[in-house]
Amino acid sequence: MTPLDQNIRVTKLDNGLTVVSERMDRVETVSLGAYVASGTRHEEAAENGVSHFLEHMAFKGTERRSAAQIAEEIENVGGHINSYTAREQTAYYVKVLKEDMALGADIIGDILSHSTFDADEFERERGVILQEIGQANDTPDDIVFDHFQETAYPNQPMGRPVLGTEELIRTMRRDTLMGYMKRHYTTGNTVIAAAGNLDHDHLLELVHTHFSDLPTTAPLIAQPGLYRGGEFREARDLDQVHIVLGFPSAAYGAPDYYPTLLLSTLLGGGMSSRLFQEIREKRGLVYSIYAFSQPFQDGGTFGIYAGTGESEAGELIPVTLDELHKVQHSVTEAELARARAQVKAGLLMSLESTGSRCEQIARQIQVFGRLVPVPETVARIDRVTVTDIQETATRIFRAAPTLAAMGPAGHVPGLPSIAEKLAA
C-alpha cells in the first residue's frame, strides 16, 4: 500500500491486481469501476471489434444473474451501470449510494469473471452492434473520425475502428470473445478504482471477494502505433463537408504534453478560441469548429474538425491554415492565461464528480504507474510559456498532415498545398 494523502490510497494485491480509491466525505455516493488496459489497439486484424463486442456482452448474463437481473439489481437501489470501449482501455463502472457499494462491486466482479455469453443473447447483441455501425456510418460528423484515424495509422491496430466492421461482426464467434477476455482481462492488466464516500479497507475486502477469479497471466503488449498520415475523401450527397485535419502529436507523459493541451485550447477549445472567433464569428463559415488533442501511450494526434457548406469549403481551409501558421509565431500572454484558466478549471471542476475522479485515478495508474497529485498537474500547466506554445505548434504543424473529408469535398485543398502553406 502506498500512502498519498489522507483521502487517496493505492494497494497492489499479491495476485497483481491494483486497487485505488479516493475518499470524498461530502458526497453520498460511490463510483466504482474495473478499468482494463485493453482496447482496439490490442486486437488482431481478424478480430477487430472484439473489445467493443465483449463490452456489450458483459451485461447479457452471468452464472448467477440474467441480463434483466443485472439491470434490475442496480436500478432497484437507484444506481447506474455503464461501460465504454476506447483504443487503449475498456471500462465497466457503477454509481450507487454509499451504502450500496458492496452490490456494485459484486455486479462488476460478476460480469468480469462469470459472464456466460449465452448463445441467444450473443446473436441478439450482434444485431444491436450492426445497428450501431450502421448508425455511425449514417452520421458523417462521427464516422469521419474513423476515416481520419485509419488514414493516420494505416494497416495497423491503432487505425482500426472501435466498433469493428460489418463483415467481421457478422462472422465473429462466441469463442473469439471468450479467448480475448481470458488473454486480456487479467489482474496485471486491470485497475479497480473507486471514489466517493467509502472506506479503502472495506473496498479491499470487496475486491478480494468479487475479483479473485480474474486470471493472473501477464498482459500482452500492444503493437506500437506508427503514424503515417495521408488523405481520405468520400463523396457523399450531403449539405455539409465534414473535415478533420490532423498531425502527429504528444503521448501521455511527453515533455510537450501540457503545451499541446494548452495549444488545442487556445486554438480551438471554446468560443474565445482563435478558430471559433476567426472562422465562425468573423466570417460565418461554419457552425462547428474545434481543435482536439488525443494522446496515447506511445504517441498521439492533434486535430481540427470543421463542418461547412460546399461553397464555403474553398475559403475555410486557407483561413484555418493561416491560423495554424500564425500560432507558430504570435501568441499573447493574455491568450495563454485564458487557456490555462480553462484547462485548470476543467480539471478542478472534474474533482467534484465521483465518476470523473474514479476514471482519472484509474487512468493515471495505467498510464503513469502512479497517481499524479493535482498540485503537480497545476504546476506543470502553469510552467508552460508562450515560447513553449509556439515551438510546440511549429513541431506539430510542420509534420506530415492527415486529411479526412466527407461530402461535396471538391473545394477542399489536397495535402501538398496544405503542407506547403504550413511550412512557409
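Keep in mind that what you see is a predicted model, and the values were worked out from it rather than measured.

## Things to note about the nonpolar core
And step 1. Counting 55 residues, the largest nonpolar core has L32, Y92, I108, L112, L177 and F211 as its most contacted members.
And step 2. Looking at which element gives the most residues to this core, the answer is helix 3 (residues 101-113), with six residues.
And step 3. When neighbours within four sequence positions are excluded, L32 is seen to be in contact with Y92, Y93, V94, M101, G104, A105, I108, A193, A194, L203 and C358.
And step 4. By size, the runner-up hydrophobic cluster in this structure holds 44 residues, among which are I243, L285, L316 and A409.

## Points about the pairing of strand 11 (residues 299-309)
And step 1. Burial within strand 11 is extensive, with 11 of its 11 residues counted as buried.
And step 2. A two-sided burial pattern is seen for strand 11, the buried positions comprising G299, T301, G303, Y305, G307 and G309 on one face and G300, F302, I304, A306 and T308 on the other.
And step 3. Pairing of strand 9 (residues 240-248) with strand 11 involves nine bridges; the strand directions are antiparallel. The partner of H242 across the bridge, within strand 11, is G307.

## Describing the pairing of strand 2 (residues 8-12)
And step 1. In terms of strand pairing, strand 2 meets strand 3 (residues 18-23) through five bridges, oriented antiparallel. Bridging across to strand 3, I8 finds its partner in E22.
And step 2. Between strand 2 and strand 3, which follow one another and run antiparallel, lie five residues, and G16 among them has a positive phi close to 100°.

## Details of unusual backbone geometry
And step 1. For F117, which is not glycine, the phi dihedral falls at a positive 55°.
And step 2. By secondary structure assignment, the location of F117 is in the loop between helix 3 and helix 4 (119-137).
And step 3. For N155, which is not glycine, the phi dihedral falls at a positive 55°.
And step 4. You can see N155 is positioned in the loop between helix 5 (140-152) and helix 6 (166-171).
And step 5. With relative accessibility at 79%, the residue N155 sits in the exposed group.

## Overview of the packing of aromatic side chains
And step 1. The tally for this structure, following the rule as stated, stands at 14 aromatic pairs.
And step 2. On the numbers, 5.3 Å between centres and 65° between planes, the contact of F247 with F397 is edge-to-face. Taken together, the residues F247 in strand 9 and F397 in helix 15 (residues 386-397) connect sequence positions 150 residues apart. The pair formed by F247 and F397 is uniform in burial state, with each residue classed as buried.
And step 3. Each member of the aromatic cluster is reached from another via a ring pair, and the members are F145, F148, Y290, F292 and Y305.

## Let's talk about the sheet that holds strand 11
And step 1. Pairing is mixed in the open sheet, where five strands are placed in the order 8-12-9-11-10. At either end of the open sheet lies a strand with only one pairing partner, and these are strand 8 (230-234) and strand 10 (286-296). Strand-to-strand twist across the sheet, computed as the mean angle between neighbouring axes with direction ignored, equals 10°.
And step 2. Two elements, strand 8 and strand 12 (residues 402-406), share five bridges in a ladder whose sense is parallel. Considered in strand 12, the bridge of E231 is made with L403.
And step 3. Strands in contact with helix 5 are strand 8, strand 9, strand 10, strand 11 and strand 12; relative to strand 12, the strand with the most contacts, it is inclined by about 150°.

## Structural notes on the packing of helix 10 (residues 274-282) against helix 11 (residues 310-326)
And step 1. For the pair helix 10 and helix 11, interaxial distance at closest approach is 11 Å and the crossing angle is 150°. The angle between the axes of helix 10 and helix 11 places the two elements in the roughly antiparallel class. Taken as a pair, helix 10 and helix 11 cross one another with a handedness that is right-handed. From helix 10, R274, L275, E278 and I279 reach across to helix 11, where they touch L316, V319, T320, E323 and K326.
And step 2. Broken down by class, the residue content of the contact of helix 10 with helix 11 amounts to four nonpolar, one polar and four charged.

What counts and what doesn't
- Residues numbered from 1 in each chain as written.
- Predicted model: local features only at pLDDT ≥ 70, side-chain atom pairs only at ≥ 80, totals over all residues.
- Heavy atoms only, no water.
- Core = buried A, V, L, I, M, F, W, Y, C linked by side-chain atoms within 4.5 Å.
- Buried < 20%, exposed > 50% of the residue type's maximum accessible area, 1.4 Å probe, protein only.
- Helix = DSSP H or I, 4+ residues; strand = E, 2+ residues; numbered from the N terminus.
- Contact = heavy atoms within 4.5 Å.
- Pairing = 2+ DSSP bridges.
- Phe/Tyr/Trp six-rings, centres within 6.5 Å; stacked < 30°, edge-to-face > 60°.
- Axes fitted to C-alpha atoms, helices over the stretch in contact; angles between N-to-C directions.
- Parallel < 35°, antiparallel > 145°, perpendicular 65-115°, else oblique.
- Left-handed = near helix turned anticlockwise from the far one by under 90°.
- Nonpolar A, V, L, I, M, F, W, Y, C, P; charged D, E, K, R; others polar.

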